[in-house]
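Survey of secondary and tertiary structure
So you can see what is in the structure, the chains are spelled out below.
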Amino acid sequence: MRATAIAPSNIAFIKYWGNLDQELRLPYNASLSMTLDACTTTTTVAFEAGLEGDVVDVDGRALDATGTARVTAQLDRVRALSGIAQHARVTSANAFPMGTGIASSASAFAALTLAATRAAGLDLAERELSALARCGSGSAARSVPGGFVLWHAAPTHEGSFAESLAPPEHWDLRDIVAVVSRAHKAVGSTSGHELATTSPFFAPRLFGLHARLDAVRNAVLARDLAALGPLVEAEALELHAVAMTSQPPLRYWAPATIALLDCVVRWRADGLPAYFTLDAGPNVHLLCEGAHADELERLVRALPEVVDAYHNRPSVGAHPVAAP
Ligand code: DP6
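Cut-offs and rules
Residues numbered from 1 in each chain as written. Predicted model: local features only at pLDDT ≥ 70, side-chain atom pairs only at ≥ 80, totals over all residues. Heavy atoms only, no water. Helix = DSSP H or I, 4+ residues; strand = E, 2+ residues; numbered from the N terminus. Buried < 20%, exposed > 50% of the residue type's maximum accessible area, 1.4 Å probe, protein only. Polar contact = N/O pair within 3.5 Å; in protein donor to acceptor, adjacent residues only side chain to side chain. Phe/Tyr/Trp six-rings, centres within 6.5 Å; stacked < 30°, edge-to-face > 60°. Pairing = 2+ DSSP bridges. Axes fitted to C-alpha atoms, helices over the stretch in contact; angles between N-to-C directions. Contact = heavy atoms within 4.5 Å.

**Overview of the environment of Asp 123**
Tracing the backbone through its elements, the reader meets Asp 123 in the loop between helix H2 (104–119) and helix H3 (126–136). Using a relative accessible area of 61% as the deciding quantity, one classes Asp 123 as exposed. For Asp 123, the side chain forms a polar contact with the side chain of Arg 118, separated by 3.2 Å.

Structure below.
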């Protein structure tokens, strides 16, 4: 009745933004990401007799009521599948700050879903686990498989799962996350998905995405950063153009975000092949190949705007670990 799992976060090269079905988190578009080995969540789930509700502790503190309700909703799905009636004690630890644009909900719900299904005696196939994790947080679907991952858009629960396009060792691509703020973001991505279609740029974005997804997939498979980088930057800017023009508008950038984007362009002009991407937060993800990663990390850490940095390689997917 007790199990522990670890799951990586992931950075999307093609972004998930907007749901066909908000409840099931069925996205409008397919997305593509890389898992992140330094940004993980480790979660233990224990179903216990005598609990009056689920008890959730994250990084040593009791989770607030809204967060706990979201965890309970996911545990309810596992209880429905397994027939378990007991509440659970959930203990979770992140290797990075929550709610700051490193997709903590992705690793959190992937680890929770794997630990909860194992604690409930279920052994789901990877695609079933991915679809189930998706119900907790969309991007968590992409934290179940390892390496470079494609999440399918489909109108059904079963059809919208993620799978690995290539294993972690396929390409020594690095993601250096430049943390410019540790503050919890004001508007979570769930609200962002709800507002996405209010932007006049949402429909044109969807129209162009198939071609961009194909090009990104080909660039990843060919390990071609010169092709991938400009596509990923355009995609990140487009996501934020949609967010900034939603009603009400969502602006995730801080002045430091823009300073970092300027730096990347300058470093590239100076001969360092690095590219940026952003999630729903102010922190900047910098992509480069292994040969340039130490230099890039040194440059990033030297910037006055940067309070911390996480150096990620592609990771294996979510997996069970021995209980702590
Ligand atoms: C901008 O998966 O965090 O990072 O399903 O509401 O939990 P919920 O949203 P979430 O959205 C991620 C949005 C994004 C882009 C991406 O990771 O694809």
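**Here's the deal with the packing of aromatic side chains**
Tallying each qualifying case throughout the model produces four aromatic pairs. An angle of 80 degrees between the planes, with centres 6.4 Å apart, marks the rings of Trp 17 and Tyr 252 as edge-to-face. Taken together, the residues span a long stretch of sequence, with Trp 17 in the loop between strand E1 (2–14) and strand E2 (19–21) and Tyr 252 in the loop between helix H6 (225–244) and helix H7 (255–269) at a distance of 235 residues. For the residue pair Trp 17 and Tyr 252, the accessibility class agrees, reading buried in each case.

**Quick notes on the sheet that holds strand E13 (residues 308–312)**
Where strands meet in a sheet, backbone hydrogen bonds hold them as pairs that are either parallel or antiparallel. Spatially, the four strands line up as an open sheet ordered E11-E12-E10-E13, and their pairing is antiparallel. For this open sheet the edge positions go to strand E11 (275–277) and E13, each flanked by a neighbour on one side alone. The mean inter-strand angle of the sheet, taken between neighbouring strand axes irrespective of direction, is 25 degrees. As judged from the six bridges shared by strand E10 (residues 173–179) and strand E12 (residues 284–289), these two strands associate in the antiparallel manner. Directly across from Val 177, in E12, lies its bridge partner His 285. On top of the sheet, H6 reaches E10, E11 and E12; it is set at about 35 degrees to E11, its chief contact.

**A word on H3**
Within H3, eight of the 11 residues are buried, which leaves the element mostly enclosed by the surrounding structure. If you follow the buried residues of H3, they end up packed against strand E3 (26–27), helix H1 (65–82), H2, strand E8 (148–151) and strand E9 (162–166).

**Looking at unusual backbone geometry**
What you tend to see is this: most non-glycine residues have negative phi, and most peptide bonds are trans. Each neighbour pair has its own omega, and for Gln 247 with Pro 248 the value is 0 degrees, a cis peptide bond. Residue placement: Pro 248 occurs in the loop between H6 and H7. A positive phi angle, close to 55 degrees, is found at Arg 25, a residue other than glycine. Positionally, Arg 25 belongs in the loop between E2 and E3. By relative accessible area, Arg 25 is classed as buried at 12%. For Arg 223, which is not a glycine, the phi torsion comes out positive at approximately 50 degrees. The topology assignment puts Arg 223 in the loop between helix H5 (202–221) and H6.

Shape is all these values report; function is a separate question.
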